[in-house]
Amino acid sequence: MLHTICKFNSNVMLGKLYLSLGICVKLLYDSKRNGINKGQNVVFICNKLSTIAGNLKNTTLLSGVAYIFHQAKRDVSSGVQAKNMDPERQFFVGGNWKMNGSRREIEDLLKNLEKADLNPEVEVIVAPPSVYLEFSKCRVPKNIMLAAQNCFKVAKGAFTGEISPAMLKDIGIEWVILGHSERRHIFCETDTLICEKVNHSRSEGLCVIACVGEKLEEREAGKTQEVISQQMKSIAEGVKDWSGVVIAYEPVWAIGTGKTATPDQAQEVHCRIREWLKENVSPTVAACTRIIYGGSVTGKNCRELAKQCDVDGFLVGGASLKPEFIDIINATKQK
């Protein structure tokens, strides 16, 4: 009888072990399928496993595994882990060609990028004018993706001059830049409109480079954090899935002026943006969202900027039309 009971208990525990392992594998698969990188896996599994452990009240082993993940999550949230344990954020460089280029010029730019020895660990995107997107699509190197410079908040309708996310997806475009300072200040786009654009773009499956940044008078008045927080709030209201969002900090006073934020100034604002995400969205999103810098980035200043721990790449304007764009892409590459 005792032997039977022990065998029964052993089978139960073995069943719990298989259940735990099976659930972990399933959650890991789900995290991969949802585009979550290695750094996010621990927290993703922790959240899911904790819920399961709560529902299966008597599954001691499963609760124990959940406890381990809770400890990992606590360490991530409190920031006690060493720098080399930070979630992986692939370095990201975008070239915004703005209203520049012709068929011949764009073909030359793409050929130069194809010939260049680019760091394979960097995600590279270029954004030609919308009329040249399909032309560029046929010529862009395989290691580079294309982005639109803007799109509207609905799929179709009587909106003269606008293009929709559905149209971009139809020609194979996966990225769009939204909220750029020139759209905000020249074309008077409001935080509300940008929120609607971001929301619709993400719902249509487009990845978004969402831009924030303060004007010179706002910085001099000590309102940088206030302005950035409001812009981040409006963007966050339009995002349900952050896996396809990159935040671009572009100090308006440094765009096209030849001025640039010092590495310390850039790091300070990037750190504040990450803290905002941590406090208002989640520690996971804060840890894994790439925050890139855009403000007169050049081949000369890119390496120092890239050394900052919260600078995950660049959004490059004028310099993306020049040979130095290759140096910017390779800013983290060892010489």
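Residues numbered from 1 in each chain as written. Predicted model: local features only at pLDDT ≥ 70, side-chain atom pairs only at ≥ 80, totals over all residues. Heavy atoms only, no water.

## Focus on the overall build of the chain
1) Next: A tally of helices and strands in the chain yields 14 helices and eight strands.
2) Next: Taken across its 335 residues, the chain has 47% of its residues classed as buried.
3) Next: Pairs at least 24 residues apart make up 71% of the contacts formed inside the chain by residues separated by at least 6 positions.
4) Next: On the chain, roughly 17500 Å² of surface is accessible, and the fraction owed to carbon and sulfur atoms is 55%. (Helix = DSSP H or I, 4+ residues; strand = E, 2+ residues; numbered from the N terminus. Buried < 20%, exposed > 50% of the residue type's maximum accessible area, 1.4 Å probe, protein only. Contact = heavy atoms within 4.5 Å. Areas by Shrake-Rupley, 256 points an atom, 1.4 Å probe, with all protein chains shown as cover.)

## Remarks on the confidence of the model for the chain
1) Next: Mean pLDDT over the chain works out to 82, with 74% of the residues at or above the 70 mark.
2) Next: Taken as a whole, residues 12–19 scores under 50 in pLDDT and shows six contacts with residues more than four places along the chain or in a different chain. (pLDDT = per-residue confidence, 0-100.)

## Side note on the side chain of Gln267
1) Next: Relative to the helices and strands, Gln267 resides in helix H11 (residues 263–280).
2) Next: A relative accessible area of 14% means that Gln267 is categorised as buried.

## Structural notes on the pattern of salt bridges
1) Next: Under the definition given, this model contains 17 salt bridges.
2) Next: Here Glu189 ties to Arg183 by a salt bridge, and the two come within 3.0 Å at their closest N and O atoms.
3) Next: In this structure, Lys197 engages Glu189 in a salt bridge whose closest nitrogen and oxygen atoms are separated by 2.6 Å. With respect to burial, Lys197 and Glu189 carry one shared label: buried.
4) Next: Residues joined by salt bridges that share partners form a network here, namely Arg89, Arg274, Asp310 and Asp312. (Salt bridge = Lys/Arg side-chain N within 4 Å of Asp/Glu carboxyl O.)

## Looking at the nonpolar core
1) Next: Grouped together as the largest cluster of nonpolar side chains are 63 residues, with contacts concentrated most on Val93, Ile247, Ile273, Tyr293 and Phe314.
2) Next: Considering each element in turn, this core owes the most residues, five residues, to H11.
3) Next: In contact with Tyr293, other than residues within four places in its own chain, are Tyr249, Pro251, Ala254, Thr260, Ala261, Ala266, His270, Leu305, Val311, Gly313, Phe314 and Leu315. (Core = buried A, V, L, I, M, F, W, Y, C linked by side-chain atoms within 4.5 Å.)

## Quick word on the packing of aromatic side chains
1) Next: Enumeration according to the criterion identifies four aromatic pairs in this entry.
2) Next: Centroid distance Phe152 to Phe159: 4.8 Å. Interplanar angle 45 degrees. Geometry classified as tilted.
3) Next: Taking the relative accessible area as the measure of exposure, Phe152 reaches 11% and is therefore buried.
4) Next: A relative accessible area of 38% means that Phe159 is categorised as partly exposed.
5) Next: Taking the ring centre of Phe187 as reference, the NZ or CZ of Arg183 above it sits at 4.2 Å. (Phe/Tyr/Trp six-rings, centres within 6.5 Å; stacked < 30°, edge-to-face > 60°. Lys NZ or Arg CZ within 6 Å of the ring centre and 35° of its normal.)

## Details of the side chain of Asn96
1) Next: Among the secondary structure elements, Asn96 is positioned in strand E1 (residues 92–96).
2) Next: Among the polar contacts listed, one links the side chain of Asn96 to the backbone nitrogen of Lys98, at a separation of 3.2 Å. (Polar contact = N/O pair within 3.5 Å; in protein donor to acceptor, adjacent residues only side chain to side chain.)

## Considering the packing of helix H10 (residues 224–236) against H11
1) Next: Running from amino to carboxyl end, H10 crosses H11 at an angle of 45 degrees, the nearest separation of the two axes being 11 Å. The angle between the axes of H10 and H11 places the two elements in the oblique class. Seen along the crossing, H10 lies across H11 with a hand that is right-handed. Across the interface between the two elements, Thr224, Gln225, Ile228, Ser229, Met232, Lys233 and Ala236 of H10 pack against Val269, Arg272, Ile273, Trp276 and Leu277 of H11. (Axes fitted to C-alpha atoms, helices over the stretch in contact; angles between N-to-C directions. Parallel < 35°, antiparallel > 145°, perpendicular 65-115°, else oblique. Left-handed = near helix turned anticlockwise from the far one by under 90°.)

## Here's the deal with the environment of Leu109
1) Next: Inspection of the secondary structure puts Leu109 in helix H4 (residues 103–115).
2) Next: For Leu109, a relative accessible area of 15% gives the class buried.
3) Next: Here the alpha-carbon distance between Leu109 and Leu321, two residues 212 residues apart in the chain, equals 7.2 Å.
4) Next: Filtering out sequence-adjacent residues up to four positions away, Leu109 remains in contact with Trp97, Ser320 and Leu321.

## Some details on the pairing of strand E5 (residues 207–212)
1) Next: E5 sits mainly inside the fold: six of its six residues count as buried.
2) Next: Alternating residues of E5 divide into Cys207, Ile209 and Cys211 and Val208, Ala210 and Val212, and every residue in both groups is buried.
3) Next: The sheet contact formed by strand E4 (residues 175–178) and E5 spans four bridges and is parallel. Within the sheet, the bridge partner assigned to Val176 lies in E5 and is Val208.
4) Next: In the sheet, E5 pairs with strand E6 (residues 245–249) via five bridges, with the strands oriented parallel. Residue pairing in the sheet places Val212 in a bridge with Tyr249 of E6. (Pairing = 2+ DSSP bridges.)

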